[in-house]
Amino acid sequence: MSVTERQVQYLRQLVDGARRIAVLTGAGMSTESGIPDFRSADGLWSRDMSLADAVSVDYFQRDPAAFWRAFRDIFHIKLVGDYQPNDGHRFLAALEEDGKEVTILTQNIDGLHGRAGSRRVLELHGTLLTASCPDCRTPHPLDYVQRHELPACRRCGAALKPDVVLYGEAVPMIDVAFQAALNAELLLVMGSSLEVSPVNLIPVEAARAGIPCALINYTPTRFDALFDLCVHAGIGDTCRQLRS
């Protein structure tokens, strides 16, 4: 579907009228940069749900070497791809340049919001760009991780854990994310099907608090009724029209 002029006008009005904006972004933001959505209907998760077990914290603790082999297979494209920020990422960075206080609450682990220039980014599910030692917490960059089949800590020798939130782990910054949304004058959800808990409860709480909420996502979600505006269209197309 495509965005209508009426939707663009209403969304522009919401954005222009808010100084503090919280933005929840999901896999749909990354897919417009060419990164596969592993939870989509055509993604790897739907074809083999055992992959969820392969990227669980329990599996990492039981067998780090087997975990890293599976992790590399699952995220191989993301690890080696030269992906770039798209018009959606650049739109959010431009809002900051315009003087707005934009806090991005992202479910994505690709680091593209930071590369686009956004400065207030909460990576709720972590990042693929580093791995850390679970014992001494020493971080290691991606290039080091890629050079070793089983990356070990340069300081203490323990098997490194990728700095992503694995299945079975809590989302460490979820309370901060809820507070950021509740402090905003507008909550904008971009590219999320709102299927992953507890992140999907952020718009529920924001709407309950009376904060205007808008959604840009290709497909409807089960939370659409919460939003003041739902745009079922591409993020890039919508953002280009907002900036025109």
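Residues numbered from 1 in each chain as written. Predicted model: local features only at pLDDT ≥ 70, side-chain atom pairs only at ≥ 80, totals over all residues. Heavy atoms only, no water.

Undergrad: Which parts of the structure should I look at to understand the layout of surface pockets?
TA: The gaps of empty space that remain are located by a probe, the size of a water molecule, rolled over the atoms. Considering only enclosed or pocket space, the second largest pocket measures out at about 200 Å³ in volume. Lining the second largest pocket we find 16 residues, and of these K161, D163, V164, V165 and P172 sit closest to its centre. Those elements that place two or more of their residues in the lining of the second largest pocket are β4 (126-132) and β6 (161-164). Considering each element in turn, the lining of the second largest pocket owes the most residues, four residues, to β6. Residues of the lining of the second largest pocket, tallied by class, amount to seven nonpolar, four polar and five charged. (1 Å grid on protein atoms, 1.4 Å probe; cavity = no way out; pocket = protein on both sides within 12 Å on 5 of 7 lines; lining within 4 Å. Points joined across faces, edges and corners; volume = space filled by probe spheres on them. Helix = DSSP H or I, 4+ residues; strand = E, 2+ residues; numbered from the N terminus. Nonpolar A, V, L, I, M, F, W, Y, C, P; charged D, E, K, R; others polar.)

Undergrad: Looking at this structure, how should I read helix α10 (residues 174-182)?
TA: In an α-helix there are 3.6 residues to a turn, and that puts residues three or four apart on one side. Taken residue by residue, α10 has I174, A177, F178, A180 and A181 as its buried positions. Down the axis, α10 shows its buried residues gathered within 160 degrees of arc, on one side only. (Buried < 20%, exposed > 50% of the residue type's maximum accessible area, 1.4 Å probe, protein only. Arc of directions from axis to C-beta.)

Undergrad: Teacher, can you tell me more about helix α12 (residues 235-243) here?
TA: Taken residue by residue, α12 has I235, G236, T238, C239 and L242 as its buried positions. The arc that holds the buried residues of α12, viewed along the axis, is 165 degrees, so those residues lie on one side. Among the structural elements, α1 (5-16), α2 (27-31), α7 (87-97), β7 (186-190), β8 (213-216) and β9 (229-231) are those in contact with the buried residues of α12. (Contact = heavy atoms within 4.5 Å.)

The values are spatial; any link to function lies outside them.
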